[in-house]
Amino acid sequence: MPENTDNYILSGLNESQIEAVTFGDGPLLVVAGAGSGKTRVITHRIAYLIERGAAPEEILGITFTNKAAKEMERRVGEMAGEGVMLRTFHSFCALVLRRQIHHLGLDSSFSIYDRSDSLKVVRRVCKQFELDPEQYKPADMLNRISAHKDGVEPPEIAAEKAVSEWDEQAARVYAKYELTLTDSNALDFDDLLVKTVLLFNKHPEVLARYQGQYKYLLVDEYQDTNYVQHLIAKALQGRHHNITAVGDPDQTIYTWRGARMENIMRFQEEFPGARVIKLERNYRSTANILNAASYSVAHNINRHEKVLYTQSGSGSPVEVVGHSGAAQEAEWVAKTINKHVQRTESFPSIGILYRTKYQSGEFEAALSKHGVPYQVVDTTGLFERKVVKDIAAYLHLVVNPKDNVALQRIINVPTRGIGAKTLDRVTKVAEATGMPIMPAILDGAHQQELPPRARKAVDNFVALYNHLSEECFNASSVRGAVERVINETDYLASIKADEREESRELLDYFLGFAEQYQEQEPEGDLTGFMELSVLASDVDAWEPDTGSVSLLTLHSAKGLEFDMVFLVGVEDRILPHSRALEDRDVMGESEAMEEERRLFHVGMTRARKTLYISYANERMIRGQYEYTGESPFLQELPSDGVSWEKGPRAGGFSLTSAKGRWSRKSSGVSRSKKKKSPKLKKAKIKKRAPEKHAANNPEDADLQPGKKIQHDKYGEGTLVSINRAGEKKLLKIDFPEYGVLTILE
DNA sequence: GATAATCGTATTTTT
DNA sequence: TACGATTATC
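What you are looking at is a predicted structure, and each value in this text was computed from that prediction instead of being measured.

The rules behind these values
Residues numbered from 1 in each chain as written. Chains lettered and ligands numbered in written order. Predicted model: local features only at pLDDT ≥ 70, side-chain atom pairs only at ≥ 80, totals over all residues. Heavy atoms only, no water. Near = heavy atom within 4 Å. Polar contact = N/O pair within 3.5 Å; in protein donor to acceptor, adjacent residues only side chain to side chain. Nonpolar A, V, L, I, M, F, W, Y, C, P; charged D, E, K, R; others polar. Phe/Tyr/Trp six-rings, centres within 6.5 Å; stacked < 30°, edge-to-face > 60°. Helix = DSSP H or I, 4+ residues; strand = E, 2+ residues; numbered from the N terminus. Buried < 20%, exposed > 50% of the residue type's maximum accessible area, 1.4 Å probe, protein only. Lys NZ or Arg CZ within 6 Å of the ring centre and 35° of its normal. Pairing = 2+ DSSP bridges. Axes fitted to C-alpha atoms, helices over the stretch in contact; angles between N-to-C directions. Contact = heavy atoms within 4.5 Å. pLDDT = per-residue confidence, 0-100.

1. Some words on the protein's contact with DNA strand B
Here is step 1: Taken together, 27 residues lie near DNA strand B, and R355, K357, Y358, T422 and R579 sit nearest.
Here is step 2: Each atom of DNA strand B within 4 Å of the protein belongs either to a base or to sugar and phosphate, the latter forming 53%.
Here is step 3: Within the contact set of DNA strand B, a phosphate oxygen lies 2.7 Å away from a backbone nitrogen or oxygen of K357.

Okay, here's the thing in structure tokens:
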């Protein structure tokens, strides 16, 4: 290896990292535990390859999110300049398909459907087939379709494989769904991957071109790749065999989306001669944090043994803190942050991590009440808001007139007298002509079929469409095009007065995004912008460490790190989420359960110095207070390096009478008034101090998991969990002699 | 055909 | 709770 490159590319790296960075040609798997510097290895390896003579254009780096791609681009840019292609699988495939999809007989102006678009199609198909929406839930159907696509199984295969009525119906819906998308010249997220594989299979000469171009392929987060993605990676490295995959099986948290840990586990079989390098030294966390996380995830059975070590000090203990309710938990987090800031007079990077999005509300309220700046990293961002989707639909339709979903979305938005009935007729007329709706009405197919009034309305719409097409075509910028659509449709005027301001704000953000897009992609056109608006998420725009606390889900926390982490809501049906508990099998734990545990592990390993884990005994779920209580995962933490603080013992509580029963009085009606601000949830500091009541029932507050309980039949036991069942409570109590029993009280 | 009121169901996680 | 979807009314 060239000696002179060592200093700036290799300095500060440990032995295994250097080995990975300087690995020569051939397949390489880097199994990198949390905090072991895997991103560094990738960026340095790219720099090394370039130093060693590879052209930047010959390198393709695949990341899991656009955000990660951007970050990597920045880091590679600093070390080795520009020109390396860094993208997600989805955006790379979109790029390939825009250029090559004509080989598959499709049109390069295709729309990309997000999940809600796809769901609309599935709903319509289900309705058409007159399927009972109870038994055949569109969302489940779509998940199934997606699973088939992940496995590159076309509808015919799906039908063959069906072993139940449900499977058969799903296959039928799948087939129709595919036809509908093709007619609309649209691809869904999965199609981006699947069509790319098809393209490569059917047209080896196209594949050969990409194989020739990309001599080096590096894939990050390999543990979360699915089958199609694996096929794409395999195809791309087919000529030079220079694939570097980096990942950590313990951080597989997307199996629900088809991620396969086996892609890592069986890497050597798939890529013969592959070298495997493990990165086992953790540079991020204190020993206590690392130890707690490792100990916990070691409870998974389906796992390859991996030992992480650190040379940092033990640090302060991991603190586990219980609370009576979710509001108290949030309050405690806010106060703890303030205390810390006052004591140290500094603002460390802080993350509040939770399992589900809806949990953010309590924290937003508490933080703003205490004047703590925060930002919610919300993935249901700008582009999924109705207002933005409406305007985007016009743009989609201009780019791709066949886009039936877009058309159906806006043909009567703002209302222009084209109701369900007219739309229905128009759809029928279009079907008769064999054309998608917009082309059909542009052709005047509706003229004879509609009553005068409806015809006029449709004619007006056609006129508007033509006008918009022209405007967009003539617009000097992407922003200009978007602006004209907003103006010419008179969209804002149609919004109810009290929501108009908010809509305006959202659209302003959208416009700002268009402008930003153009700055970054001077060559970019409307099609490119529309693509970005579907594939990008708000996480991509989020900037860490800006002197505010970050609120985010465990999933979106992947790959990030904070000085201080609050892992909150670590409760019975929240962290192992209730949905994961459902399919628990009798013999042991389900796959889903293990994934929840990995999620817990991912959360803990985000922390550098301080880790708090907290739970509440009660929280609002679906508008009702429910008992949750300690997560079973907490029992799996090591005793060393973890300190416990049970929730506040509020009020006197008569636990036992002579008969070992406990009395129960009326539970105070608790409520929390939380008016959700309709504004953008991103990066803003709310000033409101909502009323915060909570479950202040002293009895309940004292009935904490972990509490010793005397039972007249079974003796003393430890309360494991509490669930409310109507008027009664279901108590799970661990008795030394009998094990865990469930008692209805 | 548009609007308001009511009803029912969903909340895991995301490219 | 809170949203979307269906229904009732104008």
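2. Description of the protein's contact with DNA strand C
Here is step 1: As a matter of local geometry, DNA strand C sits amid R123, K127, R622 and G623.
Here is step 2: At 3.5 Å, a side-chain N or O of R123 approaches a phosphate oxygen of DNA strand C.
Here is step 3: In terms of residue class, the surface near DNA strand C is made up of no nonpolar, 1 polar and 3 charged.

3. Some words on the packing of aromatic side chains
A ring pair, where both rings are aromatic, is described by two values, the distance of the centres and the angle of the planes.
Here is step 1: Scanning the entire structure with this criterion turns up 17 aromatic pairs.
Here is step 2: Judged by centre distance (5.7 Å) and plane angle (25 degrees), the ring pair of F600 and F633 falls under stacked. One end of the pair, F600, is in helix α27 (residues 591–604); the other, F633, is in the loop between β16 (624–627) and β17 (642–645), and 33 residues separate them in sequence. F633 carries the same exposure label as F600, and that label is buried.
Here is step 3: An aromatic cluster is present here, built from F383, F510, F513, Y517 and F529 joined pairwise through their rings.
Here is step 4: Over the ring of F110 we find R98, and its NZ or CZ is 3.9 Å from the ring centre.
Here is step 5: Taking the ring centre of F129 as reference, the NZ or CZ of R172 above it sits at 4.0 Å.

4. Some thoughts on the sheet that holds β17
Here is step 1: Pairing is parallel in the open sheet, where 7 strands are placed in the order β11-β12-β10-β13-β14-β9-β17. Each end of this open sheet is capped by a strand with a single partner; those strands are β11 (374–376) and β17. Along the sheet, successive strands turn relative to each other by an average axial angle of 20 degrees, direction set aside.
Here is step 2: For strand β9 (residues 318–323) and strand β14 (residues 607–616), the ladder comprises 5 bridges, and the chain directions are parallel. Bridge pairing links H323 to A616 in β14.
Here is step 3: Running over the sheet, α27 touches β10 (350–354), β13 (562–567) and β14 and is turned about 130 degrees from β14.

5. Some points on the confidence of the model for chain A
Here is step 1: Mean pLDDT over chain A: 83, with 83% of residues reaching 70 or higher.
Here is step 2: Per-element confidence in chain A is highest for strand β6 (residues 216–219), whose mean pLDDT is 97, and lowest for helix α28 (residues 698–702), whose mean pLDDT is 41.
Here is step 3: This stretch, residues 649–701, has a pLDDT under 50; its non-local contacts, to residues over four places away or in other chains, come to 101 contacts.
Here is step 4: Ignoring residues within four places in sequence, the model shows residues 723–730, a span with pLDDT below 50, making 29 contacts including any to other chains.

6. Some remarks on helix α15 (residues 287–297)
Here is step 1: Of the positions making up α15, those classed as buried are N288, I289, L290, A292, A293, S296 and V297.
Here is step 2: Contact partners of the buried residues in α15: β9, α27, β14 and β17.

7. Some details on the sheet that holds strand β2 (residues 59–63)
Here is step 1: With respect to topology, 6 strands assemble into an open sheet ordered β3-β2-β6-β7-β1-β8, the strand pairing being parallel. Each edge of the open sheet carries a strand with a single partner, namely β3 (85–88) and β8 (275–279). Going across the sheet, the axis of each strand differs from the next one's by a mean of 15 degrees, ignoring polarity.
Here is step 2: Taken together, the 4 bridges between strand β1 (residues 28–32) and strand β7 (residues 243–247) define a ladder with parallel strand orientation. Bridge assignment links L28 to a residue of β7, and that residue is T244.
Here is step 3: Contacts between helix α3 (residues 38–51) and the sheet are confined to β1, β2, β3, β6, β7 and β8, with β6 contributing the most and set at about 170 degrees to the helix.
Here is step 4: Packing of helix α4 (residues 66–80) onto the sheet brings it into contact with β2 and β3, and relative to β3 it is tilted by some 165 degrees.

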